[in-house]
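Per-entry structural report
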Amino acid sequence: MAEPEKLPPASGHDKLMIGQSSAGIYLAHVVLTLGVLIVAFPIYYTFVASTHSLQTILRPPLPLLPGERFFENYSEALFGGVGRIGGVSVATLLVNTTIVALGIAIGKIIISILSAYAIVFFRFPGRMFFFWLIFITLMLPVEVRILPTYKVMVDLGLIDTYAGLIVPLIASATATLLFRQFFLTIPGELVEAARVDGAGPWRFFKDILLPLSRTNIAALFVILFIYGWTQYLWPLLVTNRNDMNTIVIALKKMISFADADTEWHLVMVTSMLAILPPILVVVLMQRWFVRGLIETEK
Amino acid sequence: MATVDLKDVCKVYAGGVEAVKGVSIAIPDKALCVLVGPSGCGKSTLLRMIAGLETISAGSCAIDGKVVNTIGPTERDIAMVFQNYALYPHMKVYDNMAYGLRNRGTPKDEIDARVRSTAKTLELEHLLERRPRELSGGQRQRVAMGRAIVRNPKVFLFDEPLSNLDAKLRGQMRVEIKNLQRSLGVTSVYVTHDQLEAMTLADILVVMNAGLVEQSGSPLDIYEKPASTFVASFIGAPPMNLLPLRSGHLEGAVTLPPVPASASTLGFRPEDCEIRTEGADAVADGALRLLVEVEGVEPVGAESFVYCRVGGERMVVRVPGRVEIKPGDQLRTYARQEKLHFFGSDGKRV
Ligand SMILES: Nc1ncnc2c1ncn2[C@@H]1O[C@H](COP(=O)(O)OP(=O)(O)OP(=O)(O)O)[C@@H](O)[C@H]1O
Ligand SMILES: [Mg+2]
């Protein structure tokens, strides 16, 4: 009895929505190209500087084309150790920062998805109280609570540890609220269907909620990874040892007030290396990231 | 295979809304029970209490002789088909159907065999690898059915499963659901507000109003002997004509058969009323004869509805084929005595 019903072709987002006139498209491209140039040029210039010797950099003007010291500079920074930060290599810094950024991103996602799950799908006493409690922490960024947090970290002996770098930054009201908003759009019937199908709370979370949230998770991961990667104030406070620095802190330390004291070629290499992982994350996750922002799969 | 017994079931929602106010229904094994009633009368609430998705405030619900009030939906061994199908959007059709079985720890090859045979019954085999959003509404509906059937539960629960389909497909699926239910022999409760669906599907029809059962019984019994004016006007399309009696007298009546003393409303079905243009006196004795004025005619093909006015009240006459009647015509109509229904001032049948 089921006649094979015809399906409409899968519609994509490949249609232009507005501005089909050629003048409009031209103008749009000009503006976009200008924007890209303005943003990209300093980065290119940094790259150029990172391939010259210190002497060349210190003797203006800096050439506009890359020099011949690419391999020397990069291997010196990555594996040799930088003098001004106690001979720690940039590779160590990259590892540190990766651990911290991943820890913050993954930790924030786990904590906030679980809190949102509890708040949306469970009826427990004080549910709204906890919701508002999370909500008001939005008004208390790290900077505001930095002294007590620092005291706690000292008391717990977490100075110069990865835990000390990660844990205080891990709770996120924003991510919790985002997940909450998403969970609220999940139809009640779906939850009930799962209950009838014998899925307990954990199964429901694992088999249904998590897969449905994956685009949201991916988008959040990108945002939070970059947030973690670029943290400045907290890592500055909570690390004393050079080998526990994150790359952003080390970069700051590498620059001396006296120009001649600064190994500018290594600073430039470190800058390039510092922006590489976030770019990599964005590029690799781009497909998911864009989907998470524009599309809900329901 | 199971019976479902509801005894004085009540539901009071947290806000104090009394959605169901003491409902008792006994559904025998393999029967299809249809709950019908206007919007907000508590049909879904009752169904969800049977499912275990809603707590029972008072009374008891027994499945297969065992009271299940405190048991969760999983252990009740029921399957539910939702109005919006509630398919898992990220799972293929196959996994949608297999999910419930997997959660119950059914062995893999048995799951596979069951899913495939159910898919075959429902002609879903070619869709097993698709995701719900790649299906048409009708196909989704079938998958939702499949998900219920594959588990081979004690009871099927349907909450307006066809209301999102177009009229033609709805008619087709109605027949199919009935056949499936019969061949599988699974006790079922089916909620709808479509009285045609209710009439055609039900073994037992339960008409609900404002959280109470107005009448329950076989669909034809209810159609022929509605217990109240509410049931009379809810079941049947167009609904039964109801004309008020004033101290045993009906305005516009030429002859009126004997009226029970306590009756305050007289009713007759549109199809039980005939139009006589001439020779009206040849009609059997004791029939109700009315002199009516035509207000409008609605030909729908095989039959026509003639909307009339009698003594300030509106009524409908259903005549086969097409008729040569215009608005403003004066007509004589009659209805046999045995086709008349009388209701008291409380709306109950007398
Ligand atoms: N979760 C709830 N909390 C409070 N009141 C509710 C809740 N769900 C339903 N109600 C109320 O209970 C009554 C019965 O609702 P129910 O959903 O059972 O109606 P229904 O007969 O299924 O109607 P419909 O045909 O529109 O689906 C309504 O008055 C409704 O407002
Ligand atoms: Mg309902």
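Residues numbered from 1 in each chain as written. Chains lettered and ligands numbered in written order. Predicted model: local features only at pLDDT ≥ 70, side-chain atom pairs only at ≥ 80, totals over all residues. Heavy atoms only, no water.

A few words now on helix α3 (residues 70–80) of chain A. All names here are of chain A. Along α3, the positions that sit buried rather than exposed are N73, Y74, A77 and L78. Buried residues of α3, viewed axially, fall in a sector of 110°; they line one side. For α3, the exposed residues lying more than 90 degrees away from the buried face are F71, F79 and G80. (Buried < 20%, exposed > 50% of the residue type's maximum accessible area, 1.4 Å probe, protein only. Helix = DSSP H or I, 4+ residues; strand = E, 2+ residues; numbered from the N terminus. Arc of directions from axis to C-beta.)

Turning next to the interface of chain B and chain A. With 38 residues of chain B at the contact, the number on the chain A side is 24 residues. Summed over both partners, the interface of chain B with chain A buries about 2600 Å², with 53% contributed by carbon and sulfur atoms. Counting across the interface, chain B meets chain A through two salt bridges. Linking A:D197 and B:R151 is a salt bridge whose minimum nitrogen-to-oxygen distance equals 3.2 Å. Remark: the boundary between chain B and chain A carries 14 residue pairs in polar contact (both at pLDDT 80 or more). Classifying every residue of the side of chain B that touches chain A by side-chain character gives 16 nonpolar, twelve polar and ten charged. (Contact = heavy atoms within 4.5 Å. Buried area = accessible area lost by both parts, 1.4 Å probe. Salt bridge = Lys/Arg side-chain N within 4 Å of Asp/Glu carboxyl O. Polar contact = N/O pair within 3.5 Å; in protein donor to acceptor, adjacent residues only side chain to side chain. Nonpolar A, V, L, I, M, F, W, Y, C, P; charged D, E, K, R; others polar.)

A few words on the site of ligand 1. Residue and element names in this part refer to chain B. The full set of residues close to ligand 1 is Y13, V17, A19, S39, G40, C41, G42, K43, S44, T45, E160 and H193. G40 is positioned with one of its backbone polar atoms (N or O) 2.8 Å from an oxygen atom of ligand 1. Contact distances for ligand 1 include 2.7 Å between an oxygen atom and a side-chain N or O atom of K43. Burial of ligand 1 by the protein chains amounts to 61% of its free accessible area of 640 Å². (Near = heavy atom within 4 Å. Areas by Shrake-Rupley, 256 points an atom, 1.4 Å probe, with all protein chains shown as cover.)

The subject of this paragraph is the pattern of salt bridges. Per the counting criterion, the structure on display carries 20 salt bridges over all chains. Of the charged contacts, one joins B:K92 and B:E129 as a salt bridge, the two residues approaching to 3.6 Å between their closest N and O atoms. Taken together, the residues span a long stretch of sequence, with B:K92 in the loop between β6 (78–81) and α3 (93–103) and B:E129 in the loop between α4 (108–121) and α5 (137–150) at a distance of 37 residues. The salt bridge partner of B:E295 is B:R309, with a shortest N-O separation of 2.8 Å. Here B:E295, found in strand β15 (residues 288–299), pairs with B:R309, found in strand β16 (residues 303–310); they are 14 residues apart in sequence, far enough to count as distant. Put simply, A:E192, B:R48 and B:E54 are held in one network by salt bridges that share partners.

Scanning the model with the defined rule gives 25 aromatic pairs over all chains in all. Their ring planes at 15° and their centres at 5.7 Å tell us that B:F230 and B:F234 sit as a pair that is stacked. Highlighted residues: B:F230 and B:F234, both in helix α9 (residues 229–234), separated by four residues, approximately one helical turn. Across this residue pair, the class does not change: B:F230 and B:F234 are buried. Among the aromatic residues, those joined into a ring-pair cluster are A:Y117, A:F121, A:F122, A:F179, A:F182, A:F183, A:W202, A:F204 and A:F205. B:R147 extends its terminal NZ or CZ atom over the ring of B:Y88, reaching a point 4.8 Å from the ring centre. One cation-aromatic arrangement involves B:R269 over B:Y223; the distance from NZ or CZ to the ring centre is 4.0 Å. (Phe/Tyr/Trp six-rings, centres within 6.5 Å; stacked < 30°, edge-to-face > 60°. Lys NZ or Arg CZ within 6 Å of the ring centre and 35° of its normal.)

Residue and element names in this part refer to chain A. Taken together, the side chains of Y26, V30, L34, I38, V39, I43, I275, I279 and V283 present a nonpolar region at the surface, about 850 Å² in accessible area. Elements with a contribution of two residues or more to the nonpolar patch: α1 (22–49) and α14 (264–294). Broken down by element, the residue count for the nonpolar patch peaks at six residues, all from α1. On the basis of relative accessibility, which here comes to 37%, the residue I43 falls in the partly exposed class. (Patch = residues over 30% accessible without salt bridge, like charges linked within 9 Å, V, L, I, M, F, W, Y side chains within 5 Å.)

A word on helix α10 (residues 201–212) of chain A. Taking 1.5 Å as the rise per residue, α10(A) with twelve residues should run 16 Å; its terminal C-alpha atoms sit 15 Å apart, in good agreement. Burial in α10(A) covers these residues: A:F204, A:F205, A:D207, A:I208, A:L209, A:P211 and A:L212. The inward-facing, buried residues of α10(A) abut α4 (90–121), α8 (173–184), α9 (188–196) and α11 (214–229) of chain A together with α3 of chain B. (Expected span 1.5 Å × (residues − 1).)

Attention now goes to the sheet that holds strand β8 (residues 187–192) of chain B. Residues and elements named next belong to chain B. An order of β6-β7-β8-β3-β9-β10 is seen for the six strands of this open sheet, with the pairing classed as mixed. Since the sheet does not close on itself, it has two edges, and those belong to β6 and β10 (212–217), each with one partner. Going from strand to strand, the sheet's axes swing by 15° on average, the running direction of each strand aside. Strands in contact with helix α1 (residues 43–51) are β3 (32–36), β6, β7 (155–159), β8 and β9 (204–209); relative to β7, the strand with the most contacts, it is inclined by about 150°. (Pairing = 2+ DSSP bridges. Axes fitted to C-alpha atoms, helices over the stretch in contact; angles between N-to-C directions.)

All names here are of chain B. Remark: α3 packs on α5, axes separated minimally by 8 Å, with the N-to-C direction vectors making an angle of 30°. Compared by their axis directions, α3 and α5 come out roughly parallel. The way α3 lies across α5 gives a crossing that is right-handed. Together, V93, N96, M97 and L101 of α3 and V143, G146, R147 and V150 of α5 make up the contact between the two elements. Here the contact of α3 with α5 is built from residues that sort into five nonpolar, two polar and one charged. (Parallel < 35°, antiparallel > 145°, perpendicular 65-115°, else oblique. Left-handed = near helix turned anticlockwise from the far one by under 90°.)

Before going further, it helps to spend a moment on the confidence of the model for chain B. Close inspection of predicted coordinates is inappropriate in any region flagged by low pLDDT. Model confidence for chain B is summarised by a mean pLDDT of 91, while 97% of its residues fall at 70 or above. Both scores are given for the predicted complex: the pTM is 0.82, the ipTM 0.85. (pLDDT = per-residue confidence, 0-100.)

All names here are of chain B. Relative to β15, strand β12 (residues 253–255) runs antiparallel, the two sharing two bridges. Note on β15: the bridge partner recorded for T255 is R289. As judged from the six bridges shared by β15 and strand β18 (residues 330–335), these two strands associate in the antiparallel manner. Residue pairing in the sheet places L288 in a bridge with A335 of β18. Here β15 pairs with β16 via six bridges, running antiparallel. Paired with V294 across the strands is C308, a residue of β16. The hairpin formed by β15 and β16 contains three residues between the paired strands, and G301 there has a positive phi angle of roughly 105°.

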